[in-house]
Structures are given as C-alpha cells and as structure tokens.
Amino acid sequence: MHSLYYLAIVLFAGLFMAKIVRKFKLPNVTGYILAGVFIGPSFFGFIPREAVSSFNILSEAALGFIAYSIGSEFNLKHLQKLGPSILWITIAESLGAMLSVTSAMVLIFKQPIAFSLILGSIAAATAPAATIMVIRQYNARGVVVDTLLPVVAMDDAVAIMAFGIAIGIAQSLSSVGGGNVSLLKITVELLLEIFIAISLGGCIGLFLSIISGRLKGQETLLSFTIACIFLAVGIASELKVSPLLASMTVGATVSNLVYHRDRVLSVVDRLTPPIFVSFFTISGADLKLSVLRQVGLLGVGYVIFRIVGKIIGSYIGAKWTKAPATVQKYLGLTLVPQAGVAIGLSLLAEKSLPGMGVALRNIILGSTVIYELIGPVIAKQALLMAGEISSDNS
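Engineer: How do you make sense of the overall build of the protein when you look at a structure like this?
Structural biologist: For the protein, the count of helices and strands is 18 helices and zero strands. The buried share of the protein, reckoned over its 394 residues, is 52%. Of the contacts made within the protein by residues no fewer than 6 positions apart, 80% connect residues no fewer than 24 positions apart. Summed over all atoms, the accessible surface of the protein reaches about 17,500 Å², with 68% contributed by carbon and sulfur.

So, in structure tokens, the structure goes:
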C-alpha cells in the first residue's frame, strides 16, 4: 500500500487512542505510543515493518522541532534567574544514574566492569520528547518545568561525553578492537562533534534571527523557520553530528537574539501537532516487544537502578544548590523517559564492542519499551504533585 495510506492509519489510530486514554486521565502521548504498539508489526500488524522504516524522515523532522522548542528555553536572562544550579543539577542527576547502574551491574549482577561502565554511561541520557508533550498538553508551569527543560537538554551532551570515555576504557580493558585505543583521542573526537553541532546550529540560528525580522506574514515566517530547522537537521546528519544538538542551538540562538522571539519560536506550533501525533505513534509501532523476552533480569535491573539514580542524583543536586523543595522532590521523576539518544549510543556500542554490544543493545531496546510507556504517566504525576498542572487541566 501507499505510504500515505499507512500515515493515515497512524494518525487515525493515534488520535483515537489518545481519546481513550484521556478517559483514564493518562497523557495523550501514552495513547499515541499504545496506538502504535497495537497497529505495529509486534501486535496486529496493520503497519508492516518496512512501512515503519519508511517514516524515518518524519521522525527526524519531529525531533528537530522538539529540539528547537527545548533550545528556546535557553534564554540567558531566564537562566541567570535560575542561577548555576541548572548545571550542577544536570551533572548530579547524570552521575547519579551512571553510578547507580554501573554499581548495580558490577556488585549485584556480577557483570564485567567494561560492560557495566558503558551501560552506566548510556543511563545518563534522557528522552525529552515525551515529557515535552506532557508539559504542552497540560500547560504545566512552575519551577520544576523551568528546571526540567534545560536539564534534559544538557544531560544528553553529558551522556555522549561519558559514553566516549566509557568506550575507551572498555576497549582498553577488554582489548576489543585493539588494546591501544587512545582515551584522549575518543574524548577529543566527541568534544569536536559537540562543537561542530553547536557551531552549525548557532550559524543557522543567527541567520534565522537576522532574516526573521524582515519577513512579513506568518506563512512566510513559518516556511522560513521550518526550512532553517530542516537545514540544521540535514547538515548535522550529513556531518554525522547530533541533529538534536544542532536544532537545539538554533532555538537557543533565536531565543537570545530576537527581540520579539515568541513570534519566531511559536510559529512552528501551527504545523507540529499532526507531526507529533505521527512521530509518537510511529515510535510505538517501532517498539519490538519481542526484545522484552531477551533482556531478562539485567534489563529489569537497568530500568530500576536508572530510575533510582535519576531520583537520588537530582535530589542531591537540587538540595546542594538549595533549589525549591518541589524541584528536590519531583524533578527526578520527570527524567524517566529514555529513547533516541540511548538507542543511538547502544548501536555505537554494538559496532565498537562486538562481544558485548548485542547484549547492551537488547537491554536498551527492551528498557525503551518500558520507559516510553510508563515515562509520560510518571512525568504527569510528578508535575501534578508539584502543583504545576492545575486540576482543571488534569
């Protein structure tokens, strides 16, 4: 069947399931993901595996818009009000997840240090997309949301750097791919990738900032903004650097350079709703439920100890920086979702460490199924308990 036929099925299913889950006071994004699971190849098979793969460009576009939205929260004046606490909380929650998972794998599950280090480094990454959708649906506002948005933007960068260091140590310990791997070389290469992605996003963001003030009409501004986001994603993918980081930097640049920034930042909201419905429904269809049988106790341990690490780490970071009590209590629960970056890192591990990479990838894929289903629900409950979702919206 034609791809547009399958895309229509995706949209119908996502919207229908969202209406169903709302009756149980669950977030829309949970309905989209569940719809994808049901219509995907792992369940009823209305959407075949090859059709799911054909929607990659749509998923890349959605992630570009999500990253652009997150980047818009990096307004320097706003961050100055929050102070340096954001950086320390990010480091604390990332290290909390890394230490918790690594220690559990070594001490409880008796796994090799190399394997445990890599799994621990991947644990730092957070998937912002599902949480962002929860915030938007319920119009959540408050100090937890203000802290959450920059934290989830930065912890993926922390995870990427930690992963590079872990891979270097693992290759040296296991002598896979040669025991003479330079830890310094791997770290420098990863830092260079981050620098290139940020520079690319900064240049495109500067271009958008300059031109946007001369554009008249919402339609023209919308088209030009979309073109800039797609340009960032496309060039970053071609250069093999992070499209998320590049798109994020575009949004951050606009947020800080454009006087009437809301005009440029919010214009894409007119286009994104059907793209986000499609993206999360397709993500659900792409989940391989059969992987859950392969992960076993290691997968369960990874899920539990990563959540524990995120909660404890964010609490310690928030407590140390004297953040508001609601941030100390509930921020960690909003950091549960994990998907894209973690899967990407697991694929790199599979290529770099053939002996243990398959096991790592299965654990990450299996945990993604769990995180994507429970993450939005936990995030909503955390924001409700923090008082940042009004009872009228819930």
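Having seen it, we continue.
Engineer: Sorry if this is basic, but what is going on with helix 2 (residues 28–39) here?
Structural biologist: Residues that lie three or four places apart on an α-helix share one face, since the helix turns once every 3.6 residues. For helix 2, spanning 12 residues, the distance from its first C-alpha to its last is 17 Å, which sits close to the expected 16 Å at 1.5 Å a residue. Judged by how many residues are buried, helix 2 sits mostly within the fold: 10 of 12 residues are covered. Buried residues of helix 2: N28, V29, T30, G31, Y32, I33, A35, G36, V37 and I39, and no others.

Engineer: Sorry if this is basic, but what is going on with unusual backbone geometry here?
Structural biologist: Note: most peptide bonds trans; most residues except glycine with negative phi. In this structure, K110 is a non-glycine residue whose phi angle is positive, near 55 degrees. Here K110 is to be found in the loop between helix 6 (85–108) and helix 7 (113–123). A residue is classified by how much of its surface remains accessible, and K110, at 64% relative accessible area, is exposed. Despite not being glycine, K322 shows a phi value in the positive range, around 60 degrees.

Engineer: I keep staring at the pattern of salt bridges and nothing clicks. Help me out?
Structural biologist: When the charged atoms of two side chains lie near each other, side chains of opposite charge can form a pair. Taken as a whole and assessed by the stated rule, the structure comprises three salt bridges. For E93, the salt bridge identified is with K310, shortest N-O distance 2.6 Å. Highlighted residues: E93 in helix 6 and K310 in helix 15 (residues 292–320), separated in sequence by 217 residues. The same class applies to E93 and to K310, which are both buried. In this structure, the salt-bridge partner of E219 is R270, at a minimum N-O distance of 4.0 Å. In this pair, E219 is assigned in helix 11 (residues 218–239) and R270 in the loop between helix 13 (261–265) and helix 14 (272–286), connecting sequence segments 51 residues apart. Both residues of the pair, E219 and R270, count as exposed.

Engineer: Any chance you could explain the packing of helix 2 against helix 14 here in plain terms?
Structural biologist: A pair of packed helices can be characterised by two numbers: the angle between their axes and the separation between those axes. Relative to each other, helix 2 and helix 14 sit at 45 degrees, their axes nearing to 6 Å. Looking at the two axes, helix 2 sits oblique to helix 14. Crossing handedness for the pair helix 2 and helix 14: right-handed. Along its contact with helix 2, which presents V29, Y32, I33, A35, G36, V37 and I39, the element helix 14 presents V277, F280, T281, G284 and A285. Partitioned by chemical class, the residues of the contact of helix 2 with helix 14 number nine nonpolar, three polar and no charged.

Engineer: Before we go on, may I ask you to explain the packing of aromatic side chains in this structure?
Structural biologist: Pairs of aromatic rings are described using the distance from one ring centre to the other and the angle between the two planes. The tally for this structure, following the rule as stated, stands at nine aromatic pairs. When the centroid spacing of 4.9 Å and the interplanar angle of 70 degrees are considered together, the rings of F279 and F280 count as edge-to-face. Classification of F280 by relative accessible area gives buried; the value is 1%. In this structure, R306 packs its charged tip against the face of Y371, placed 4.7 Å from the ring centre.

Engineer: How should the nonpolar core be read in this particular structure?
Structural biologist: The nonpolar side chains of a soluble globular protein tend to be buried with one another. Counting residues in each nonpolar core, the largest one holds 88 residues, and the members touching the most others are V29, Y68, V268, F280 and L383. Beyond its immediate stretch of four places on either side in the chain, Y68 contacts L208, T225, I229, S247, M248, V250, G251, V254, V264, L265 and V268. Listed in part, the 30 residues of the second largest apolar core include A114, L119, A123 and I363.

Engineer: Please explain the confidence of the model for the protein as it appears in this structure.
Structural biologist: Predicted coordinates in areas of low pLDDT are best not read in detail. Looking at the protein, pLDDT values average 83 and 88% of them are 70 or higher. Least confident of the elements in the protein is helix 17 (residues 340–352), whose mean pLDDT is 68; most confident is helix 11, at 92. Low pLDDT (under 50) marks residues 176–181, which in the prediction has 10 contacts with non-local residues, meaning those over four places away or in another chain.

Engineer: Where do I start with a nonpolar patch on the surface in this structure?
Structural biologist: A contiguous nonpolar patch, built from L87, W88, I91, L95, L99 and W320 and spanning about 630 Å² of accessible area, is present on the exposed surface. When residues of the nonpolar patch are assigned to their parent elements, the largest contribution, five residues, is made by helix 6. Checked against the element boundaries, W88 lands in helix 6. Taking the relative accessible area as the measure of exposure, W88 reaches 39% and is therefore partly exposed.

Engineer: Would you mind showing me how to read the environment of M1 here?
Structural biologist: Inspection of the secondary structure puts M1 in the segment before helix 1 (3–22). Linking M1 and I47, residues 46 residues apart in sequence, is a C-alpha distance of 9.8 Å.

Engineer: What is the right way to look at the environment of Q381 in this model?
Structural biologist: Here Q381 shows up in helix 18 (residues 357–385). Residues Q381 and L333, 48 residues apart in the sequence, show an inter-C-alpha distance of 8.6 Å.

Rules and cut-offs
Residues numbered from 1 in each chain as written. Predicted model: local features only at pLDDT ≥ 70, side-chain atom pairs only at ≥ 80, totals over all residues. Heavy atoms only, no water. Helix = DSSP H or I, 4+ residues; strand = E, 2+ residues; numbered from the N terminus. Buried < 20%, exposed > 50% of the residue type's maximum accessible area, 1.4 Å probe, protein only. Contact = heavy atoms within 4.5 Å. Areas by Shrake-Rupley, 256 points an atom, 1.4 Å probe, with all protein chains shown as cover. Expected span 1.5 Å × (residues − 1). Salt bridge = Lys/Arg side-chain N within 4 Å of Asp/Glu carboxyl O. Axes fitted to C-alpha atoms, helices over the stretch in contact; angles between N-to-C directions. Parallel < 35°, antiparallel > 145°, perpendicular 65-115°, else oblique. Left-handed = near helix turned anticlockwise from the far one by under 90°. Nonpolar A, V, L, I, M, F, W, Y, C, P; charged D, E, K, R; others polar. Phe/Tyr/Trp six-rings, centres within 6.5 Å; stacked < 30°, edge-to-face > 60°. Lys NZ or Arg CZ within 6 Å of the ring centre and 35° of its normal. Core = buried A, V, L, I, M, F, W, Y, C linked by side-chain atoms within 4.5 Å. pLDDT = per-residue confidence, 0-100. Patch = residues over 30% accessible without salt bridge, like charges linked within 9 Å, V, L, I, M, F, W, Y side chains within 5 Å.

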